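Structural description and commentary
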Amino acid sequence: MYRLSDHPPDKPDSVRPDAYPTGRKFAPVPLGIFSAFLGLSAQFFGMFLMAWGMAPTSIGCGPERAVSMTGVQLAIAAVIFGAISFVGLGIMRDAHESSLRRRSYLLTFGIIYVLGSIPLFAAAALLGSCFDF
């Protein structure tokens, strides 16, 4: 027998606690929602800078400018989507999350980001046309 102060003997079929990866776990849905709001705020700031850089006095107003601002806004949105997806998937990969949880993050982030981008594209077109539609 052993005393209470001694450790019990190791069983040969027991799993060691250090066999499991340790680290912070991330829930994919809250991380996706936070990432989407972060991306949408960055996209709004990018639209603000684009509208400020393409002042109506320098180019003029009209449908051509609305199309060009919408195209530039589309490029800004694609870069932000790629950057935040890369960072979010890297966070999930470092936390040793499963591929299902990574896909869940990407799906949550993508749907919220795309649906939130639609009003920003409309605002970019209105800023480009100087509200002449």
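This text follows the structure it describes.
Residues numbered from 1 in each chain as written. Predicted model: local features only at pLDDT ≥ 70, side-chain atom pairs only at ≥ 80, totals over all residues. Heavy atoms only, no water.

**Focus on the overall build of the protein**
Basically, it comes down to this: Runs of E in the DSSP output that reach at least two residues are strands. Runs of H or I that reach at least four are helices, and both are numbered from the N terminus. Relative accessibility decides the category of a residue: with a 1.4 Å probe and only protein chains considered, values under 20% of the type maximum give buried, values over 50% give exposed, and everything between is partly exposed. Contacts are assigned to residue pairs with any non-hydrogen atoms lying within 4.5 Å of each other. Surface exposure here means Shrake-Rupley accessible area, sampled with a 1.4 Å probe, where a residue is shielded only by the protein chains that are shown.
Along the backbone of the protein there are four helices and zero strands. Start at the N end of the protein and walk to the C end: the helices and strands fall as α-α-α-α. The buried share of the protein, reckoned over its 133 residues, is 29%. Contacts in the protein between residues at least 24 apart in sequence constitute 78% of all its contacts with a sequence separation of at least 6. Taken as a whole, the protein presents about 9,200 Å² of accessible surface, with 72% of it coming from carbon and sulfur.

**Side note on the pattern of salt bridges**
Defined as follows: Whenever a carboxyl oxygen of Asp or Glu lies within 4 Å of a side-chain nitrogen of Lys or Arg, that contact is scored as a salt bridge.
Taken as a whole and judged by the stated rule, the model has one salt bridge. In this structure, Glu97 and Arg101 form a salt bridge, with 2.7 Å as the shortest nitrogen-oxygen distance. Overall, the relative accessible area of 32% leaves Arg101 in the partly exposed class.

**Brief notes about the nonpolar core**
Just so we agree on the cut-off: Among the buried residues, those of types Ala, Val, Leu, Ile, Met, Phe, Trp, Tyr and Cys that are joined through side-chain atoms within 4.5 Å form a nonpolar core.
The biggest cluster of nonpolar side chains holds 17 residues, and the ones touching the most others in it are Met47, Met50, Ile84, Tyr105, Phe109 and Tyr113. At the level of elements, helix 1 (28-53), helix 3 (63-94) and helix 4 (99-129) are the ones that each hand at least two residues to this core. The element that contributes the greatest number of residues to this core is helix 3, accounting for six residues. If we skip the residues at most four places from it in the chain, Met47 touches Gln73, Leu120, Ala123, Ala124 and Leu127.

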